[in-house]
Amino acid sequence: MSSWPRAETPMTAAILAARWVRSAAVDDGRERHWLANPDPRGRSAGAGHSSSLYSGAAGIVLFFLEMAAATGHQAYLDDALAGARHLARTWSGQTDLTLYHGLAGVAFAMAETGWATGDEEVVDAARAAADRIVRGVRRMGDGIGWTGDPAQRGDGGIVLALLHAAGMLGVSAYEEVAVEAGERIAGLAVPGHRFGDGPCADLPLDAVTPGFLSGTAGTAFLLARLHGVTGDERFLTAARRGADFVRTISVVTDKCALVPHHVPQERRLHYLGFCSGSAGVARMFYELHRVTGDPGDLDWVERLAHGIEHSGVPSQQSPGYWNVACQCCGTAGVLELFVGLWAATGREHYLEFARSLAADLIGRATSHDDTGYRWYQAYRRLRPGDVTADTGYMVGAAGIGAALLHLDAAGLADSPRRLILLPDNPFPAIPVPAAALREGGLREDGPG
């Protein structure tokens, strides 16, 4: 048993998560990266590259940037900058250009660090990495792209990263390339995604996945975002095709909706998390509502949220919500949805549900050796005996800690702070309803 007292708030739990991630640091002069799992004889999920946004240094850098903003402690900012300098030195070795597992995610982390610290070395590296992504584009049929995969795990995520880089780094050419690549995606048949080969080799060859990270909803999200950026109706028309497909195959009862993991084979397997379930699909419908104002899209966001609530989570597990806590497919990703929904709508029951999810996460944390909080989980649903812990963002303690910080920020109308949301998160970057901000008033020096 740990001698540390059990954390009582999301903030203290995030601090303890940061303590464990810090214990995984590997320093090399001015630079730093982190082991996937520093526990003696500990195993990790082995979910990606050591520099990636998904499970490596880029995601941990983002967590420490948020810890610095939340606590005001310079040590966390030093951690983030040391990690970003490691990324700045090593990014040129990346061959994968994608957002979650490759260079686009590294560029995102460096750009955010440069914005927070003003470090010119990191800003220059972020621009150089984005330039490399632009140079890597190639002709594909009637357009341009990188991987040929329109989903968030492929070209969709790269386009979103370039849109972010255009604004953050002040290079309009990044947006121009992003829009042109999006035009090719808009011309594809949606929902014509078949993911039974490649990274999803465990699916049948004719499987169609409607989810977010690898499916139709994520692509429709991208197209809606491009409509918001450009005003081009072609993007909105294509996004609507994807949204209509998701509506058609979903299970709708009363005010709830659940989305199959893949069709036609698994119509009764309903994931609830970010990557392939309701928490991710809801982002697509909210982005459509954000750029069009259509109340029907917000209705579907809330149907998906109600479906999660009525499933019995977090206490009840299911084939689509199993022993997993992380941002990708577990409790932390669901927590992000409900914090975002509260910030968007001001409906108190969303915040209350988010608090129940946080309480579950805090209760599941382990600190048996007094080095801080980590979460042991069965990351891969099909291998429930593989129980591991990780430091990374989408698969481990850094992302869980970030979700807890986002909930903490949701209660601070009198001193709001900007959150670092990934490019595919459509919810308010200051997680406080507009009415609450007006009532509490912004500080003269703005959000921290």
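Just so we're clear, the structure is a prediction, and the values are computed from it rather than from any experiment. (Residues numbered from 1 in each chain as written. Predicted model: local features only at pLDDT ≥ 70, side-chain atom pairs only at ≥ 80, totals over all residues. Heavy atoms only, no water.)

Draft legend 1. Local environment of the overall build of the chain. Helices and strands together make up the secondary structure of the chain, namely 15 helices and six strands. Against the compact-globule benchmark of 22 Å for 448 residues, the chain has a radius of gyration of 20 Å, which places it among compact chains. Along the three orthogonal principal directions, the C-alpha set of the chain runs to about 55 × 50 × 50 Å. Buried residues in the chain amount to 59% of all 448 residues. Taking the intrachain contacts of the chain between residues at least 6 apart in sequence as the baseline, contacts between residues at least 24 apart amount to 66%. In the structure as shown, the chain presents an accessible area of about 16,800 Å², 51% of it carried by carbon and sulfur atoms. Between the mean site of the 39 positive side-chain charges and the mean site of the 50 negative ones, the chain shows a separation of 4 Å. (Helix = DSSP H or I, 4+ residues; strand = E, 2+ residues; numbered from the N terminus. Rg over C-alpha atoms; globule rule 2.2 N^0.38 Å. Buried < 20%, exposed > 50% of the residue type's maximum accessible area, 1.4 Å probe, protein only. Contact = heavy atoms within 4.5 Å. Areas by Shrake-Rupley, 256 points an atom, 1.4 Å probe, with all protein chains shown as cover. Lys, Arg positive; Asp, Glu negative; His and termini not counted. Charge placed at Lys NZ, Arg CZ, Asp CG, Glu CD.)

Draft legend 2. Inspection of the confidence of the model for the chain at higher detail. Of all residues in the chain, 93% have pLDDT values of 70 or greater, and the mean over the chain is 92. Low confidence marks residues 194–199, where pLDDT is under 50. Its contacts with residues over four positions away, or in another chain, come to 19 contacts. Scored below 50 in pLDDT, residues 442–448 makes 13 contacts in the model with residues more than four places away or belonging to other chains. (pLDDT = per-residue confidence, 0-100.)

Draft legend 3. Structural detail: helix H14 (residues 397–409). Between its terminal C-alpha atoms H14 stretches 18 Å, which fits the 18 Å expected from 13 residues at 1.5 Å a residue. Of all 13 residues in H14, 12 are buried; the element is thus mostly enclosed. Three or more residues of H14 are buried, namely Ala397, Ala398, Gly399, Ile400, Gly401, Ala402, Ala403, Leu404, Leu405, His406, Leu407 and Ala409. Residues of H14 that are buried in the fold lie against helix H1 (10–23), helix H2 (57–71), helix H12 (331–345) and helix H13 (348–364). (Expected span 1.5 Å × (residues − 1).)

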